[in-house]
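Reading the structure
Here is what each chain is made of, one letter per residue.
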Amino acid sequence: MSSARAATNPLYGPNKLKLGLFGLNVDNACAISSVDGTFHPEWPVVKRITQMADKAGLEALVPVARWRGFGGKTNFNGANFETYTWAAGIGGATDNIGVFSTSHVPVIHPIVAAKQATTIDHITGGRFALNVVCGWFEPEMEMFGASIMPHDERYEYAAEWLDVVKRLWTSEEEFDFEGKYFQIKRGFHQPKPVQRPFPPVMNAGGSGIGRHFAAKYCDMIFVHIKGDQIEAARKDVAEVRELARKEYGRDIQVWANAYLVIGDTDEEALKFRDYYVNEKGDWEAVDNLVRSLGIQTGVLPKEMLEAAKYHFIAGWGGYPLVGTARRIASELEKLSGAGLDGILLSSARYEEGLTRFISEVLPLMEQAGLRGSRA
Ligand SMILES: Cc1cc2nc3c(=O)[nH]c(=O)nc-3n(C[C@H](O)[C@H](O)[C@H](O)COP(=O)(O)O)c2cc1C
């Protein structure tokens, strides 16, 4: 059983602006807040929300690779499900949506990763995709007994790791591999994945070297939109596409992540965001998080640092989709106009947010021609 990606994976479907959900395997998902109604990783809840997204025709479910939390009152993300087994379970529980695993390359051997990915690709009938991450949160990488690699070397390691995975996915012959990090004797991998040449690969590197890695080896990349600066985003999207095309002769999808707060009025939505960030936010956890990311006073002026923390609490620093359904649909239209192929969403009150998004925002996106009718 094999097919081209477009035949089975909705990431290559016809919708102009594709949609995914982020973080449905980690405690509190993307909101660093103890507000009631946040997501907790309990399987019936995971199943219910992901099946809702599946029925609504969304394209992607992307888990977060995380091994320990960020402390504070919530120990943000501390309780979490492992991403390959999560993807296998979700794959079996859904029919159409694309299912990702997110893989920290330093903690899993590429032969094991390739095999798990292939297995999920078969479980889902060709709906699998892989998010490759290098690891940046030192305490979780150190848990594995090794110190974290210097930043740029992480991508050199990831390139070799991915090279081995792709060889396993595609080579019909056994092969030897002599690399700097991996030595493979008589590499063998059967069956091959359903998707040919292999399942889509995503990387969300934001640094220069991360971008080159994604442009050269991956099929999907992320840009970070600062604040609500659509014009800067447009330029950024164009630059990434050009990098992939000109330097590597490749066409890749460009996505961004965003968080949803839907209200009956814009004021109500803004007020609720202020409430779950300022009153219910876990400011200790976000301090630990930004310190791990190397964002602190001295790196950023105090005001910018506080704004960054606010948006991390609100939704992992994503683009704010806050207001009425109409406002959110019009923001999504602007993001599509800026050249983005897809948006990865999260919501503080995930189940409630997604329910409203499906019933109120999706029809407006269909009217605007961003997505086809689900009838
Ligand atoms: C949408 C998105 C998903 C990501 N998922 C993870 C993840 O699950 N685990 C992780 O450790 N890092 C994750 N990252 C971090 C990136 O892989 C990357 O390390 C980060 O954007 C910094 O870029 P750099 O590595 O080029 O410096 C994610 C980033 C984005 C934007």
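Right, let's walk through the structure included here.

Some thoughts on the overall build of the protein
Counting its regular elements, the protein contains 13 helices and 13 strands. Here the C-alpha radius of gyration of the protein, 20 Å, is about what a compact globule of 375 residues would show, namely 21 Å. Its C-alpha atoms give the protein principal-axis dimensions of roughly 60 × 50 × 45 Å. Out of the 375 residues in the protein, the part that is buried amounts to 47%.

Examining the packing of helix H2 (residues 43–55) against helix H13 (residues 350–367)
With their axes 11 Å apart at the nearest point, H2 and H13 run at an angle of 15 degrees to one another. The pairing of H2 with H13 is recorded here as roughly parallel in orientation. Both H2 and H13 take part in a crossing whose hand is left-handed. Of H13, the residues touching H2 (which contributes Ile49, Met52 and Ala53) are Tyr350, Glu351, Leu354 and Ile358. The class makeup of the residues in the contact of H2 with H13 is 6 nonpolar, no polar and 1 charged.

Details of the site of the ligand
Near the ligand lie 16 residues; those nearest to it are Ala204, Gly205, Gly206, Ser207 and Gly210. Across the shell around the ligand, the residue classes tally to 9 nonpolar, 7 polar and no charged.

Points about helix H6 (residues 151–170)
Given 3.6 residues per helical turn, the α-helix brings residues three or four places apart onto the same face. With 20 residues, H6 ought to run about 28 Å at 1.5 Å a step, and its terminal C-alpha atoms sit 29 Å apart, in line with that. As for H6, its buried residues are in contact with helix H4 (110–123), strand S5 (128–133), strand S6 (175–178), strand S7 (183–187), strand S9 (201–203) and helix H7 (208–217).

Examining the environment of Lys115
Tracing the sequence through the fold places Lys115 in helix H4. On the basis of neighbour counts, which here come to 16 C-beta atoms within 10 Å, the residue Lys115 falls in the partly exposed class. Put simply, Lys115 and Ala159 are 44 residues apart on the chain and 18 Å apart in space, counted from C-alpha to C-alpha.

Re the pairing of strand S12 (residues 319–323)
In terms of residue burial, S12 counts as a mostly covered element, since 5 of its 5 residues are buried. In this sheet, S12 lies alongside strand S11 (residues 253–262) in parallel orientation, the contact comprising 5 bridges. Within S12, the position partnered with Ala258 by the bridge is Tyr319.

Remarks on H4
Relative to the 20 Å expected for 14 residues at 1.5 Å per residue, H4 spans 20 Å between its end C-alpha atoms, a close match to the ideal helical length. Every buried residue of H4 is listed here: Pro110, Ala113, Ala114, Gln116, Ala117, Thr118, Ile120 and Asp121. Residues of H4 that are buried in the fold lie against helix H3 (83–93), strand S4 (98–104), S5, H6 and strand S8 (195–196). The positive-phi residue at the C-terminal boundary of H4 is Gly125, with phi of around 60 degrees.

Focus on the nonpolar core
Among the nonpolar cores identified, the biggest contains 106 residues, and Leu61, Ala87, Phe100, Ala256 and Ile343 are the most heavily contacted of them. Counting residues per element, this core draws most heavily on S11, at 8 residues. Among residues more than four places away in sequence, those in contact with Leu61 are Gly20, Leu21, Leu24, Thr50, Ala53, Ile90, Ile97, Val99 and Phe100.

Quick word on the environment of Leu340
Inspection of the secondary structure puts Leu340 in the loop between helix H12 (325–337) and strand S13 (342–347). On the neighbour-count criterion, Leu340 (26 C-beta atoms within 10 Å) is buried. Note: C-alpha distance between Leu340 and Leu17 (323 residues apart in sequence) is 7.3 Å. Residue contacts for Leu340: discarding those within four places in its chain leaves Val237, Val254, Trp255, Ala256 and Leu335.

Notes on unusual backbone geometry
In this model, Gln190 is joined to Pro191 through a cis peptide bond whose omega is -5 degrees. Take Pro191: it is sitting in the loop between S7 and S8. Each neighbour pair has its own omega, and for Arg196 with Pro197 the value is 5 degrees, a cis peptide bond. In this structure, Ala29 is a non-glycine residue whose phi angle is positive, near 45 degrees. Within the secondary structure, Ala29 sits in the loop between strand S2 (18–22) and H2. The buried category is assigned to Ala29, around which 26 C-beta atoms lie within 10 Å.

Parameters and conventions
Residues numbered from 1 in each chain as written. Predicted model: local features only at pLDDT ≥ 70, side-chain atom pairs only at ≥ 80, totals over all residues. Helix = DSSP H or I, 4+ residues; strand = E, 2+ residues; numbered from the N terminus. Rg over C-alpha atoms; globule rule 2.2 N^0.38 Å. Buried ≥ 20, exposed ≤ 12 C-beta atoms within 10 Å, placed from the backbone. Axes fitted to C-alpha atoms, helices over the stretch in contact; angles between N-to-C directions. Parallel < 35°, antiparallel > 145°, perpendicular 65-115°, else oblique. Left-handed = near helix turned anticlockwise from the far one by under 90°. Contact = placed C-beta atoms within 7 Å. Nonpolar A, V, L, I, M, F, W, Y, C, P; charged D, E, K, R; others polar. Near = placed C-beta within 6 Å. Expected span 1.5 Å × (residues − 1). Pairing = 2+ DSSP bridges. Core = buried A, V, L, I, M, F, W, Y, C linked by C-beta atoms within 7 Å.

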